[in-house]
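A closer look at the structure
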Amino acid sequence: MKVKNKRLIAGAGVMVAFALAATLIALLNESRNKKAILSANLEAYCDIVARCGADSASLSLVPGNLSITVISESGDVLLDSRTDASGMENHLQRPEVRKCLTDGTAYAIRRSGTVGKKYFYFAKNCSGIVVRCARPYEVDLARFFRLDWMLVISLALALCLALIVFFYLYRHYLRQEEAQERRERSRLKHELTGNISHELKTPVSSIRGYLETLVNHPDMDPAKKELFLQRSYLQSVRLSELIRDISIITKLEEAPQQFATEPVNLKNVFEEVSEELAEARTEAGIEIESDIPPVCIHANYQLIHSILRNLLENSIRYAGKGARVRILFRKSPDGTFCFDYSDNGVGVEEGELEHIFERFYRLSRDRSRNCEGSGLGLSIIRNAVLFHKGEIQAYKREGGGLGFRFTLHDIQS
């Protein structure tokens, strides 16, 4: 399932949960409000009985469909409009009476233990006595407390309408986003095609020029002929590296599933890279200090090799003669492999740090001269790090030079 569809379902789920919660709250509030209305009505009769002395005469002021009970603070029944109070049991454990003694007022819907009928009880603490008013829970009262289905239907319809609007707006947003992504992919492919064409043109033109010169001048001086052949070879190597880098970065961006993972010994890979570039390192006077231990990670060997090789090649090419490379390693408590690669070379301007991972990006100081490399090395490093669920950041090294902090995670195929 696509991430966007998951977001859509999650958003709809949140809306449904919110709407159901709002409906439940509305229904609970409606029930609470109805009980409050009835309680206020019955409280008025309790006040009348209390003001008139809470005796038999005061009971005549209450409608005949209501039952009045006067109870002491100890729970003894002092007066009851339905039966003789002397034979009634203690009412202290009646829920509305017990709550009324602490809160001042209380109500309850329950079956009467005296007459066996269901009542809505309201009790009020009136200066030392509890006056309780009870209304039979009959058809009219049951209808009063019945669920308001019109409210439920209205809320359900509002929820359906909200979901329809939500899906419509979200699908519209997704279509716009997908169209924007297609335009962006088209722009990037066009830009990549143009950059590749430009980058390929230089070595191809050089090779063609050297070979045409050799073909058209068979009597050329052997020393010059050898020079042209060497230059043709170097340009063919450059062309081969460019094609290799383009292939790697295209696979990383378009088909990363083609890169299988296996146990990779980090120390061995770095030693292999260092050995491969030994001649270039010696010529540039590059010294290396590394503390990578012989630790294994489930990763793609080719991409780990590309990360380390491109970092070291960059230092050889651009750091300057006699630069020193340092690579530090640690494993965090959560199992993340953390690296800090740096050199003490000429470094990079602060404003260019955010651009150096872009494909074919050239530093301002290098644009005016014919630099080696494809311009894809750092872009490959970034994508290879992302493939291993890691992050990478370039920084200016204190005292001069360029550094890269990056992480790799152990991944399974």
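Please refer to the structure higher up on the page.
Now for a quick tour of the structure. Per chain, residue numbering runs from 1 following the sequence as it is written. In keeping with the model being predicted, local features are shown solely for residues with a pLDDT of at least 70 and side-chain atom pairs are shown and tallied solely at 80 or more, while totals for entire chains, interfaces and linings include all residues. To get the side-chain values, all heavy atoms of the structure are used, and hydrogens and water are removed first.

**Quick notes on the pattern of salt bridges**
- Here a salt bridge means any side-chain nitrogen of Lys or Arg lying within 4 Å of a carboxyl oxygen belonging to Asp or Glu. Counting across every chain of the model gives 15 salt bridges.
- As a salt-bridge pair, R326 and E289 come within 3.7 Å of each other at their nearest N and O atoms. Of this pair, R326 sits in strand 9 (residues 324–331) while E289 sits in strand 7 (residues 287–290), and the two are 37 residues apart along the sequence.
- Working definition: with a 1.4 Å probe on protein chains only, accessible area under 20% of the residue-type maximum means buried, over 50% means exposed, and in between means partly exposed. Judged by its relative accessible area of 40%, R326 falls in the partly exposed class.
- Each member of the salt-bridge network shares a partner with another, and the members are E287, E289, R324 and R326. Secondary structure follows DSSP: runs of H or I at least 4 residues long count as helices, runs of E at least 2 residues long count as strands, and numbering of each begins at the N terminus.

**Thoughts on empty space enclosed by the protein**
- Only protein atoms enter the 1 Å grid, on which a cavity is a set of points fitting a 1.4 Å probe that cannot get out and a pocket is an open set with protein on both sides within 12 Å along at least 5 of 7 lines, lining residues being those with an atom within 4 Å of a point. Grid points are joined across faces, edges and corners, and a volume is the space filled by probe spheres set on the points. The final tally for this structure, using the stated rule, is two cavities of 30 Å³ or more.
- Taken as a whole, the second largest cavity spans an internal volume of roughly 30 Å³.
- Lining of the second largest cavity is provided by L266, I304, I307, L308, F339, F406 and L408.
- Those elements that place two or more of their residues in the lining of the second largest cavity are helix 9 (301–319) and strand 12 (402–408).
- The element that contributes the greatest number of residues to the lining of the second largest cavity is helix 9, accounting for three residues.

**A short note on the sheet that holds strand 7**
- Taken together, the five strands give an open sheet; going across it, the order is 7-9-10-12-11, and neighbouring strands pair in mixed fashion. If you trace the sheet from one side to the other, it starts and ends with strand 7 and strand 11 (392–396), each paired once. With strand direction ignored, the average angle separating the axes of adjacent strands in the sheet is 15°.
- Across seven bridges, the pairing between strand 10 (residues 337–343) and strand 12 is antiparallel. Residue D343 lies in a different strand from strand 12, and its bridge partner there is L402.
- Against the sheet, helix 7 (residues 266–276) touches strand 7, strand 9 and strand 10, its axis set at about 180° to strand 7. Between any two strands, pairing holds if DSSP finds at least two bridges. Orientation is described by axes fitted as lines to C-alpha atoms, over the contacting stretch for helices, and by angles from 0 to 180 degrees between their N-to-C directions. We call two residues in contact whenever any of their non-hydrogen atoms come within 4.5 Å of each other.

**Side note on the packing of aromatic side chains**
- Stacked, tilted and edge-to-face are the three classes assigned to paired rings of Phe, Tyr and Trp, where Trp is represented by its six-membered ring and a pair needs centres within 6.5 Å; plane angles under 30 degrees give stacked, over 60 edge-to-face, the rest tilted. A complete count under the given rule lists eight aromatic pairs for this structure.
- Where Y107 meets F120, the ring centres are 5.8 Å apart and the plane angle is 15°; that geometry is what we call stacked. Of this pair, Y107 sits in strand 3 (residues 105–111) while F120 sits in strand 4 (residues 118–126), placing them 13 residues apart in sequence.
- Its relative accessible area of 0% is what places F120 among the buried residues.
- A connected cluster of aromatic rings, assembled from ring pairs, spans F329, F337, F339 and F406.
- The residue whose ring lies beneath R82 is Y119, and the NZ or CZ to ring-centre distance is 5.3 Å.
- Working rule: Lys NZ or Arg CZ, within 6 Å of ring centre, within 35 degrees of ring normal, means a charge sits over the ring. Just above the ring of Y121 sits the side chain of R110; from NZ or CZ to the centre is 4.3 Å.

**Some points on the packing of helix 9 against helix 10 (residues 377–387)**
- Packing of helix 9 against helix 10 leaves a shortest axis separation of 9 Å and a crossing angle of 145°. At the point where helix 9 passes helix 10, the crossing takes the left-handed sense. From helix 9, L303, S306, I307, N310, L311 and N314 reach across to helix 10, where they touch G377, L378, I380, I381, A384, V385 and F387.
- Residues are grouped as follows: Ala, Val, Leu, Ile, Met, Phe, Trp, Tyr, Cys and Pro are nonpolar; Asp, Glu, Lys and Arg are charged; every other residue, Gly included, is polar. Among the residues making up the contact of helix 9 with helix 10, the classes are represented as nine nonpolar, four polar and no charged. Should the near helix be turned counterclockwise from the far one by less than a right angle, the crossing is left-handed, whereas a clockwise turn marks it as right-handed.

**As for a positive patch on the surface**
- A cluster of basic residues, R182, R183, R185 and K189, forms a positive patch on the protein surface.
- Here R185 is to be found in helix 5 (residues 149–216).
- The partly exposed category is assigned to R185, whose relative accessible area is 43%. Only residues above 30% relative accessible area that lack a salt bridge enter a patch, with like-charged residues linked at up to 9 Å and the nonpolar side chains Val, Leu, Ile, Met, Phe, Trp and Tyr linked at up to 5 Å. Note on areas: these come from Shrake-Rupley sampling with a 1.4 Å probe, and a residue is covered only by the protein chains present in the view. Counting rule applied: Lys, Arg positive; Asp, Glu negative; His and chain ends not counted. Charge positions come from single atoms, namely NZ of Lys, CZ of Arg, CG of Asp or CD of Glu.

**Let's talk about the sheet that holds strand 1 (residues 67–72)**
- Taken together, five strands build an open sheet; the order of strands is 2-1-5-4-3 and the sheet is antiparallel. Only two strands of the sheet have a single neighbouring strand rather than two, namely strand 2 (77–80) and strand 3. Neighbour to neighbour, the strand axes of the sheet diverge by 20° on average, direction disregarded.
- By the bridge criterion, eight bridges tie strand 4 to strand 5 (residues 129–136) in an arrangement that is antiparallel. Bridging across to strand 5, K124 finds its partner in V131.
- This element, helix 3 (residues 95–103), spans strand 1, strand 3, strand 4 and strand 5 of the sheet and lies at about 175° to strand 3.

**Looking at the nonpolar core**
- Residue types Ala, Val, Leu, Ile, Met, Phe, Trp, Tyr and Cys, when buried and joined through side-chain atoms within 4.5 Å, form a set referred to as a nonpolar core. Formed by 52 residues in total, the largest nonpolar core has its most connected members in L266, F339, F404, F406 and L408.
- The leading source of residues in this core is helix 9, at eight residues.
- Other than its neighbours up to four places away in sequence, F339 contacts L266, I292, I327, L328, F329, F404, R405, F406 and L408.

**Describing the environment of E253**
- By the secondary structure assignment, E253 is in helix 6 (residues 222–254).
- A relative accessible area of 36% places E253 in the partly exposed class.
- In the structure, E253 is positioned 127 residues away from I380 in sequence and 9.8 Å away in space, judged by C-alpha atoms.
- Setting aside residues up to four positions removed in sequence, E253 forms contacts with R359 and N383.

**Considering a nonpolar patch on the surface**
- Together, L161, V165, Y168 and L169 make up an exposed nonpolar region whose accessible area comes to about 420 Å².
- As for its position among the elements, V165 is in helix 5.

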